[in-house]
Amino acid sequence: MPRGRYSLHDPHDHTPLAEEHFQCAPGPSGWRYVAQRTTPSGDHGGSVDLALDELGRPIRLELHAGGWQVRGAALDGVTWVRTGPTGSDATEGNVRAHAFAGTSPAFLVATARLLRLTPSASATRVRLVCFTDPVLAPRTVDESWTLVNSEAHATDNGPLLVDEYQVTALDTGERHTVHIAGDVVLSAPGIELEDLESPPSAFPRDDTGRPD
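Residues numbered from 1 in each chain as written. Predicted model: local features only at pLDDT ≥ 70, side-chain atom pairs only at ≥ 80, totals over all residues. Heavy atoms only, no water.

- Under the annotation held in an unreviewed UniProt entry, the protein chain carries the name Glycolipid-binding domain-containing protein and is attributed to Streptomyces zinciresistens K42.

Take a look at the structure:
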């Protein structure tokens, strides 16, 4: 069960935003990621709880940030309820999208798990509902994912397979690179893995379950 800490920063000016203390693990029904965030001043900054089924679809999502809360799941696309700090202004949303996205590294692992790309595969388009900080506002985004390379690196615990993805935002054409090993993000824009207490968990290597 990987357990560790990510630092999150603004990908443009590198301003520190938060630290995310996480643990994650595959299970008989899929994969789960839970995390607590702290602000640069050390205050509680929110939480993440994401569970996927065996095909990589989000069966449960719960986010907390700045007094706001989002609960969602894959249902007729993706469906969610967003509640404000007062608790009385809940709004529901539904989009014909494949999954969720956000600033947590968990969403990058989840998208990679959903797509299950191979290095020989062409770019795959995916539609995501992204919850943006600090008020978890939903925004629908279209991205293109390509698995550029998979390379095994020698470690004390045996070979570690690292996948290198090229991700393109289809509305702006902006491209960036994401490196993932199993269920841990090694590097991505705005994300640095600062501490890892145990090796990443490995997912089965197959190409089933991709979105249409």
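Further notes follow.
With respect to the nonpolar core
And then number 1: With 50 residues, the main nonpolar core has W31, Y33, F131, W145 and Y165 as its most contacted residues.
And then number 2: Take this core: its biggest share by element is eight residues, from helix α1 (residues 106–115).
And then number 3: Those residues in contact with W145 that lie beyond four places of it in its chain are L108, T111, A112, L115, L117, S122, A123, T124, V126, Y165, Q166 and V167. (Core = buried A, V, L, I, M, F, W, Y, C linked by side-chain atoms within 4.5 Å. Buried < 20%, exposed > 50% of the residue type's maximum accessible area, 1.4 Å probe, protein only. Helix = DSSP H or I, 4+ residues; strand = E, 2+ residues; numbered from the N terminus. Contact = heavy atoms within 4.5 Å.)

Some remarks on the packing of aromatic side chains
And then number 1: Per the stated rule, a full pass over the model turns up seven aromatic pairs.
And then number 2: Ring centres of Y6 and F22 lie 4.5 Å apart, and the angle between their planes is 20°; on these two criteria the pair is classed as stacked. Taken together, the positions of Y6 in strand β1 (residues 3–9) and F22 in strand β2 (residues 16–27) put the pair 16 residues apart, joining distant regions of the chain.
And then number 3: Residue Y6 is classed as buried on the basis of its relative accessible area, which comes to 0%.
And then number 4: Members of the aromatic cluster, connected to one another through ring pairs, are Y6, F22, W31, Y33 and F203. (Phe/Tyr/Trp six-rings, centres within 6.5 Å; stacked < 30°, edge-to-face > 60°.)

Considering α1
And then number 1: With ten of ten residues buried, α1 is to be regarded as a mostly interior element.
And then number 2: Within α1 the residues assigned to the buried category are A106, F107, L108, V109, A110, T111, A112, R113, L114 and L115.
And then number 3: Once α1 ends, the next one or two residues include R116, with phi positive near 50°.

Describing the pattern of salt bridges
And then number 1: The final tally for this structure, using the stated rule, is nine salt bridges.
And then number 2: Its salt-bridge partner being E20, residue R37 comes within 2.6 Å of it at the nearest N-O pair. With a gap of 17 residues between them, R37 in strand β3 (residues 30–38) and E20 in strand β2 connect regions that are remote in the sequence.
And then number 3: On the basis of relative accessible area, R37 is assigned to the buried category, the value being 10%.
And then number 4: Taking relative accessible area as the criterion, E20 reaches 0% and is therefore assigned buried.
And then number 5: Here R32 and D49 are joined by a salt bridge, their closest N and O atoms 2.7 Å apart. Residue R32 is found in strand β3, and its partner D49 is found in strand β4 (residues 44–52); the two are separated by 17 residues along the sequence.
And then number 6: Overall, D49 belongs to the buried group, its relative accessible area being 17%.
And then number 7: Through salt bridges with shared partners, a single ionic network connects E20, R37 and D133. (Salt bridge = Lys/Arg side-chain N within 4 Å of Asp/Glu carboxyl O.)

Concerning unusual backbone geometry
And then number 1: Between D133 and P134 the backbone carries a cis peptide bond, its omega angle lying at 5°.
And then number 2: Along the chain, the position of P134 falls in the loop between β10 (124–132) and β11 (137–153).
And then number 3: Look at R116: it is not a glycine, yet its phi comes out positive at around 50°.
And then number 4: Here R116 shows up in the loop between α1 and β10.
And then number 5: Of note, the phi angle at L136 is positive, near 55°, even though the residue is not glycine.
And then number 6: Relative to the assigned elements, L136 resides in the loop between β10 and β11.

Let's talk about the confidence of the model for the protein chain
And then number 1: Here the protein chain averages 92 in pLDDT, while 96% of its residues score no lower than 70.
And then number 2: At the level of individual helices and strands, the protein chain shows its lowest average pLDDT in β2, which scores 94, and its highest in strand β9 (residues 99–102), which scores 98. (pLDDT = per-residue confidence, 0-100.)

Observations regarding the side chain of T168
And then number 1: The topology assignment puts T168 in strand β12 (residues 160–169).
And then number 2: The contacts of T168, once residues within four sequence positions are left out, are D142, E143, S144, G173, E174 and R175.

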